[in-house]
Amino acid sequence: MNQRGNPGIDWIAGAGVREVKLILEEIAEEIRKKLGCKAKSREPMWRHTSFRIGGPAELYIEPRDEEELVKLLAYLREKGIPYLVMGNGTNLLVSDAGIEGAVVHLGDGFKEIRIDGSIIRAGAAAPLIRVAREAAGAGLSGLEFAGGIPGSLGGALYMNAGAHGGDISKVASRARVIHRESGRIEELASGALEFGYRSSLLRKRGYVALGAELVLARGGPEEIRARMDGYAKKRRATQPQGAPNAGSIFRNPPGQAAGRLIEEAGAKGMAVGGAEVSRVHANFIVNRGQATACDVLKLIERMQALVEERYGVKLEPEIEFVGRPC
Ligand SMILES: Cc1cc2nc3c(=O)[nH]c(=O)nc-3n(C[C@H](O)[C@H](O)[C@H](O)COP(=O)(O)OP(=O)(O)OC[C@H]3O[C@@H](n4cnc5c(N)ncnc54)[C@H](O)[C@@H]3O)c2cc1C
């Protein structure tokens, strides 16, 4: 499978391995010098994913702020270099063979969180957990569900991340996005963001989120904290702790819980190589240390086959596989 949005062109076709390394380092150098962004060539992606899995991204680039990002995306478009915008890498399975083109990781200038009355304005790279904690500290309610979701605000907008009956669509009033093809920046009101179950306009169109405005309700800080503590306790009791993972592997089929179907199909503890179906929560796969993306993909297929055979339900992955095919 090719990286999403990537037409599959081998953009440095014909070059040998040594030449490719040199070309990539030259491009990284040009990006550092011309555009001012931090840029590396052949950066191992296991360092940047919660699964601790993934081969090298040909280029790994960190624009510091919106101005650098706009210039960078124009540069990548002009050079025909495909790119993936990554948040905290907590919903991604990156191929062992790595990612063709560039991974763009939004830098510190996108991490700002500002509170103005009951409105929070935050950059797309702001960690959702931090946004939720700051909201709680300011006596603002509505983000308690997010206190245990380890992604970025941008990833949450893309996925419409949610838990405990809440999701980001219920609080996001606007998002600032950049169009992939034209580089045009636009402010979209929540109605235009087309939020659905683990999806949004960003996901459908590949827009890049720069930041968002969240509208919360005033509440008692003690009660808000108590709710967040209750959710955290529930997570600790029902989800694997310690071993690298990427959260829920499958979306819940309508009216059913994927975890229960997998557990009842007898898949808990099933393993391929270093990847194992969590014994704590059957909708999680944990990396026992040396798991490869191929191990995880094979295990996913086995889980799907078991559940389909037993219940006639085809489970759809919630995590995204990115990069070159295994
Ligand atoms: C322990 C654990 C618990 C989890 N619990 C939950 C949960 O309760 N509920 C839930 O919904 N999820 C949960 N997740 C999954 C994950 O945290 C969410 O899906 C989160 O929204 C992903 O954000 P991210 O920044 O890590 O995105 P990434 O994994 O980096 O990327 C995911 C997708 O979002 C896109 N993306 C990221 N940033 C941007 C941006 N700025 N603009 C446009 N697209 C962007 C990427 O291109 C990619 O397609 C959990 C994960 C873990 C590891």
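### What to know about the overall build of the protein
A count of helical and extended segments in the protein gives eight helices and 18 strands. A total of 326 residues make up the protein; the buried ones form 44% of that total. Summarising the internal contacts of the protein: among those between residues at least 6 apart in sequence, 64% fall at separations of at least 24.

### Considerations on the sheet that holds strand E7 (residues 119–123)
Paired through backbone hydrogen bonds, the strands of a sheet run either parallel or antiparallel to each other. Taken together, the five strands give an open sheet; going across it, the order is E6-E7-E13-E11-E12, and neighbouring strands pair in antiparallel fashion. Edge positions in the open sheet fall to strand E6 (113–116) and strand E12 (185–189), since each of these has one partner strand only. Each adjacent strand pair in this sheet contributes to an overall mean axis angle of 15°, direction not counted. Inspection of the sheet shows strand E11 (residues 172–178) paired to strand E13 (residues 208–215) by six bridges, in the antiparallel sense. Pairing of Arg 174 across the sheet is with Glu 213, part of E13.

### As for helix H3 (residues 128–137)
Within the sequence span of H3, burial applies to Leu 128, Val 131, Ala 132, Ala 135 and Ala 136. Seen from one end, H3 has its buried residues packed into an arc of 135°, which puts them on one side. Lining the buried residues of H3 we find E6, E7, strand E8 (140–141), helix H4 (153–159) and helix H6 (221–238). Following H3 by one or two positions, Gly 139 has its phi on the positive side, about 70°.

### Considering the site of the ligand
Taken together, 31 residues lie around the ligand, and Gly 87, Gly 151, Gly 154, Gly 155 and Gly 247 are the ones closest in. For the shell around the ligand, the secondary-structure elements that each account for two or more residues are strand E3 (83–86), H4, strand E9 (162–163) and E13. Per-element tally for the shell around the ligand: the top contributor is H4, with five residues. Per-class residue counts for the shell around the ligand are 17 nonpolar, 13 polar and one charged.

### Examining the domain arrangement of the protein
For the protein, the domain assignment lists domain 1 (17–108), domain 2 (111–236) and domain 3 (241–318). Of note, the centres of domain 1 and domain 2, computed from C-alpha atoms alone, are 25 Å apart. Facing 13 residues of domain 1, the contacting portion of domain 2 comprises 14 residues. Element by element, the count of residues in the side of domain 1 that touches domain 2 is highest for helix H2 (residues 66–79), at four residues.

### Remarks on the pairing of strand E2 (residues 56–62)
Along any regular strand the residues' side chains alternate between the sheet's two faces. A large share of E2 lies buried, amounting to six of its seven residues. Pairing of strand E1 (residues 38–44) with E2 involves six bridges; the strand directions are antiparallel. From the neighbouring strand, Pro 44 faces E2, where its bridge partner is Pro 56. Where E2 and strand E5 (residues 99–105) come together, four bridges link them in parallel fashion. Its bridge partner being in E5, Ala 57 is matched across the sheet by Ile 99.

### Let's talk about the sheet that holds strand E16 (residues 275–277)
Read across the open sheet, the three strands follow the order E15-E16-E17; overall the sheet is antiparallel. Bordering the open sheet on either side are strand E15 (271–272) and strand E17 (285–287), each of which pairs with just one other strand. With three bridges joining them, E16 and E17 adopt antiparallel strand pairing. Within E17, the position partnered with Val 277 by the bridge is Ile 285. Against the sheet, helix H8 (residues 293–311) engages E15, E16 and E17, with an angle of about 25° to E16.

### Considerations on the environment of Leu 92
Mapped onto the fold, Leu 92 is located in strand E4 (residues 92–94). The exposure class assigned to Leu 92 is buried, which follows from the 27 C-beta atoms found within 10 Å. Sequence separation of Leu 92 and Asn 245 is 153 residues, and the distance between their C-alpha atoms is 9.7 Å. Residues contacting Leu 92, with those up to four places away along its chain left out, are Thr 49, Ala 246, Ile 319, Glu 320 and Val 322.

### Remarks on the nonpolar core
Val 131, Leu 157, Ala 209 and Val 296 are the most contacted members of the largest nonpolar core, which totals 95 residues. Of the residues forming this core, the biggest block, seven residues, is contributed by H8. The residues contacting Ala 209, other than those within four sequence positions of it, are Ala 124, Gly 154, Leu 157, Tyr 158, Ala 175, Val 177 and Leu 202.

Conventions adopted
Residues numbered from 1 in each chain as written. Predicted model: local features only at pLDDT ≥ 70, side-chain atom pairs only at ≥ 80, totals over all residues. Helix = DSSP H or I, 4+ residues; strand = E, 2+ residues; numbered from the N terminus. Buried ≥ 20, exposed ≤ 12 C-beta atoms within 10 Å, placed from the backbone. Contact = placed C-beta atoms within 7 Å. Pairing = 2+ DSSP bridges. Axes fitted to C-alpha atoms, helices over the stretch in contact; angles between N-to-C directions. Arc of directions from axis to C-beta. Near = placed C-beta within 6 Å. Nonpolar A, V, L, I, M, F, W, Y, C, P; charged D, E, K, R; others polar. Domains from an automatic or database assignment. Core = buried A, V, L, I, M, F, W, Y, C linked by C-beta atoms within 7 Å.

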